[in-house]
Amino acid sequence: MSPFPRLFVSKLSSKFVPLFEEVRRRRLFRVVILYVLVGLAALEGAGNLGSALNFPGWTNTLVALVVLAGFPIAILVGWFFDFTTSGFVRTGPAATAVPAPIRTERAAQAAAYPTVREPTDRKSIAVLPFVDMSPDGSQEYFGDGIAEEIINALTRIEDLRVLARTSSFAFKGREEQVQEIGAQLGVGCLVEGSVRTVGDQVRITAQLIDCEHGYHLWSERYDREMSDVFAIQDEVARAIVETLKAKLGTGESIVRPGTANLEAYTLYLQGRSHWNRRTANELEKGIELFRKAIAIDDRYGLAWAGLADSYSILGWYRHLSSIEAYTKTVSAASSAVAVDDSLAEPHTSLAYARFMYGWDWTGAEEGFRAALERNPDYAVARHWFGEFLVAMGRFDEALEQLDTAHALDPLSSTIGFGVGWVRYFLGDYRAAIRSYEQTLEQDPEFVLAPWFLGPALVQAGEPERAIDVCESWIPRVRRKNGLTALLAFAQARAGRRDDALSTLARLEKLPLGKEVAPDHLALVYIGLGDLDRAFESLNVALRQRSWYLVFLNVDPAFEPLRTDPRFGRLVSEVGLDDVPGPATA
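Let me sum up the structure you'll find in this document. Remember, predicted model here, so these are calculated numbers, not experimental data. (Residues numbered from 1 in each chain as written. Predicted model: local features only at pLDDT ≥ 70, side-chain atom pairs only at ≥ 80, totals over all residues. Heavy atoms only, no water.)

### Considering the pairing of strand E7 (residues 201-210)
1) Next: Counted residue by residue, E7 has 9 buried out of 10 residues, so it is predominantly covered.
2) Next: Summarising the sheet, strand E6 (residues 189-198) and E7 pair through 10 bridges and their orientation is antiparallel. Opposite Ser194, over in E7, you have Thr205 as the bridge partner.
3) Next: Hairpin connection, E6 to E7: the antiparallel pair is bridged by 2 residues, and Gly199 has positive phi, about 65°.
4) Next: Here E7 runs beside strand E8 (residues 216-225); their pairing, made up of 9 bridges, is antiparallel. Among the inter-strand pairings, Ala206 is bridged to a residue of E8, identified as Glu220. (Buried < 20%, exposed > 50% of the residue type's maximum accessible area, 1.4 Å probe, protein only. Helix = DSSP H or I, 4+ residues; strand = E, 2+ residues; numbered from the N terminus. Pairing = 2+ DSSP bridges.)

So this is what it looks like as structure tokens:
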């Protein structure tokens, strides 16, 4: 096809497709068909009745004129009103705010150009968050939930590589061409769509797109009642899965509803929306919503899993003590497994709690492997399993798990820093720094960055840069004392002993274990060469079961302590006797 006709068709479709979509939305085709059928019946009836009763000949002409005159009136009524189960209701306006205009353009292209070719990469796909087109913009969590259900369904298709949520959702609200998104994510196909709710009515659109050429492979629209949300979810996901299965030649998929209760499901989606923001405040909000969902349906495994995930991360953030994080995570995760053993998420949380807080190495590894048996494409399980393998000194296996996690979720900052963390423990500090800096380029506001980058810079012989990193981040974080301890450590290693002592003095005034972690203070004492006080702080950390002690035998920051007999006893208390020390670059 030459460029001119293609351009003409494109411009023509850009003008008429919106009108066509509005006509479809107001269901005028149904009005026209119904009116034509009624009109023909009226004409036929008038003719038969006129012949039987000897009406004058102009009677048929009058009926025909009335039918014709009524046609524009029917169109006007059909434009402004719709007939529903509740009677005639006024048709509401279309959404005026479009969070991602480029997606509206793609939807128009889908109507103008049907399926035209197969995707170039048949084994990789990303599901973008569904845009909230509701008039009040209150259904963002619902659109995200629909997208996540589709991701979960697609991961069950054999030999199909499905990107994890974090990377797919990194494009939320961004206007980028499908080719650019596909290139950044390294996938051949995208699924995207929108949700719109008005009252108890919901409309969902979904489309499957070939990233290389931008062609739509499949597109559909669903109009349902909100109370039918589970059927919507199943129908949308199954339709896409079945289309992909036909095109990609993969196995069957099954959408597994976690609850039959709409209210519990809504609370769960809202809870996950808060959980995905990963700040302490948002996690606390998520916990309350998960609890409410469980109160409605205590056999809702995903809600129990969300609760377990939240407690586990709050422990990592040190907003919960290790003992409290362990108890709450294990309780919630065990409840999830009890009601739905097929879920990978609670097995992952259970394994992570046993690793970080319970120091049960055998139980942790069994849990991670159980999670990956249930979902090999669960990036979080591979990431956390990689951290476990690092602590066990099994670096090659750790890199394999983290590389796989990174392939599944290439834009996840947490996983990106996890890859660099393995390099740090291996003693390849330059490679670790490069990995951290690459991740920071894509996510400059990643709040955990200084915790990874600072120690790597110190070990690489650049403590002044580490000081700059800490000083630039301390004003930007909510809990500053841990980073302040890292700053003092860097100051000590930079030879700025007076500055380090001054910073340490501020920390020593705070309650140990509540405001400042004992292992953080130990790091400062190591930098200052005060090994006795370093061991005192580490023994307090041992009594409090500080989670960072699981890395005691592999973190190069503890190198000055390794020849001291007290270190061996400490390692033995944690249960790491057989774990090798850090490698050298």
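### What about the nonpolar core?
1) Next: Ranked by size, the top nonpolar core spans 152 residues in total, and within it Phe130, Phe142, Phe355 and Phe551 carry the most contacts.
2) Next: Top element by residues in this core is helix H11 (residues 301-316). It accounts for 10 residues.
3) Next: Leave out the neighbours within four places in its chain, and Phe551 touches Phe355, Met356, Glu387, Val390, Ala391, Trp421, Phe425 and Phe558.
4) Next: One finds Leu128, Leu163, Phe171 and Val178 within the second-largest nonpolar core, a separate group that totals 12 residues. (Core = buried A, V, L, I, M, F, W, Y, C linked by side-chain atoms within 4.5 Å. Contact = heavy atoms within 4.5 Å.)

### Here we look at helix H19 (residues 449-459)
1) Next: A large share of H19 lies buried, amounting to 10 of its 11 residues.
2) Next: Those residues of H19 that fall on the buried side of the exposure criterion are Ala449, Pro450, Phe452, Leu453, Gly454, Pro455, Ala456, Leu457, Val458 and Gln459.
3) Next: Buried residues along H19 sit in contact with helix H17 (413-426), helix H18 (429-442), helix H20 (463-473) and helix H21 (481-493).
4) Next: Phi turns positive one or two residues past the end of H19, at Gly461, with a value near 85°.

### Let's talk about a nonpolar patch on the surface
1) Next: Together, Val36, Leu40 and Leu43 make up a nonpolar patch on the protein surface, roughly 240 Å² of accessible area in all.
2) Next: Residue position: Val36 is located in helix H2 (residues 28-53).
3) Next: What makes Val36 partly exposed here is its relative accessible area of 39%. (Patch = residues over 30% accessible without salt bridge, like charges linked within 9 Å, V, L, I, M, F, W, Y side chains within 5 Å. Areas by Shrake-Rupley, 256 points an atom, 1.4 Å probe, with all protein chains shown as cover. Salt bridge = Lys/Arg side-chain N within 4 Å of Asp/Glu carboxyl O.)

### Notes on the state of the cysteines
1) Next: Applying the stated criterion to the full structure yields 0 disulfides.
2) Next: Of all cysteine sulfurs, the one in Cys211 lies closest to Cys189, which takes part in no disulfide; the gap is 6.3 Å.
3) Next: According to the relative accessible area criterion, Cys211 is buried, its value standing at 4%. (Disulfide = S-S within 2.5 Å.)

### A word on the side chain of Gln401
1) Next: Inspection of the secondary structure assignment puts Gln401 in helix H16 (residues 395-408).
2) Next: We classify Gln401 as buried; its relative accessible area is 10%.
3) Next: Among residues more than four places away in sequence, those in contact with Gln401 are Leu372, Arg382, Phe385, Gly386 and Leu389.

### Thoughts on helix H7 (residues 178-185)
1) Next: Every buried residue of H7 is listed here: Val178, Ile181, Gly182 and Leu185. For H7, the arc enclosing every buried residue in end-on projection is 100°, short of the 170-degree limit, so these residues lie on one face.
2) Next: Looking one or two residues beyond H7, the residue adopting positive phi is Gly186, at roughly 70°. (Arc of directions from axis to C-beta.)

### What about the pairing of strand E3 (residues 124-127)?
1) Next: With burial as the criterion, each face of E3 is covered, one bearing Ser124 and Ala126 and the other bearing Ile125 and Val127.
2) Next: Relative to strand E5 (residues 161-162), E3 is paired through 2 bridges, and the arrangement is parallel. Bridge pairing in E5 places Ile125 opposite Val162.

### Brief notes about the packing of helix H14 (residues 361-374) against helix H15 (residues 379-391)
1) Next: Two elements in contact, H14 and H15, have axes whose closest approach is 10 Å; the angle formed by their N-to-C orientations is 155°. The angle between the axes of H14 and H15 places the two elements in the roughly antiparallel class. Seen from above, H14 lies across H15 with left-handed handedness. Here Trp361, Ala364, Glu365, Phe368, Arg369, Ala371 and Leu372 of H14 come into contact with H15, specifically with Ala381, Arg382, Trp384, Phe385 and Phe388.
2) Next: Looking at the contact of H14 with H15 residue by residue, the classes come out as 9 nonpolar, no polar and 3 charged. (Axes fitted to C-alpha atoms, helices over the stretch in contact; angles between N-to-C directions. Parallel < 35°, antiparallel > 145°, perpendicular 65-115°, else oblique. Left-handed = near helix turned anticlockwise from the far one by under 90°. Nonpolar A, V, L, I, M, F, W, Y, C, P; charged D, E, K, R; others polar.)

### A word on the pattern of salt bridges
1) Next: Tallied over the full model, the rule gives 25 salt bridges.
2) Next: The shortest N-O distance in the salt bridge between Glu324 and Lys328 comes to 2.9 Å. Placement of the pair is Glu324 and Lys328 together in helix H12 (residues 322-339), with a separation of 4 residues, close to one helical turn.
3) Next: Assessed through its relative accessible area of 31%, Glu324 is described here as partly exposed.
4) Next: Three or more residues joined by partner-sharing salt bridges are found here, namely Glu365, Arg369, Arg394 and Glu397.

### What to know about the packing of aromatic side chains
Within a pair of aromatic rings, the relevant descriptors are the distance that separates the centres and the angle that separates the planes.
1) Next: For the coordinates displayed, the defined rule picks out 25 aromatic pairs.
2) Next: Ring centres of Phe417 and Phe446 lie 5.0 Å apart, and the angle between their planes is 35°; this geometry places the pair in the tilted category. Taken as a pair, Phe417 in helix H17 and Phe446 in the loop between H18 and H19 lie far apart in primary sequence, 29 residues in all.
3) Next: Note that Arg272 overlies the ring of Trp275, its terminal NZ or CZ placed 4.7 Å from the centroid.
4) Next: The positively charged end of Arg545 is found above the aromatic ring belonging to Trp359, 4.1 Å away from the centroid. (Phe/Tyr/Trp six-rings, centres within 6.5 Å; stacked < 30°, edge-to-face > 60°. Lys NZ or Arg CZ within 6 Å of the ring centre and 35° of its normal.)

### Focus on unusual backbone geometry
Working note: non-glycine residues mostly have negative phi, and peptide bonds are mostly trans.
1) Next: Phi is positive for Trp359, close to 55°, though the residue is something other than glycine.
2) Next: With respect to the element layout, Trp359 can be found in the loop between helix H13 (344-356) and H14.
3) Next: A positive phi angle, close to 55°, is found at Arg545, a residue other than glycine.
4) Next: Residue position: Arg545 is located in the loop between helix H24 (531-543) and helix H25 (565-574).

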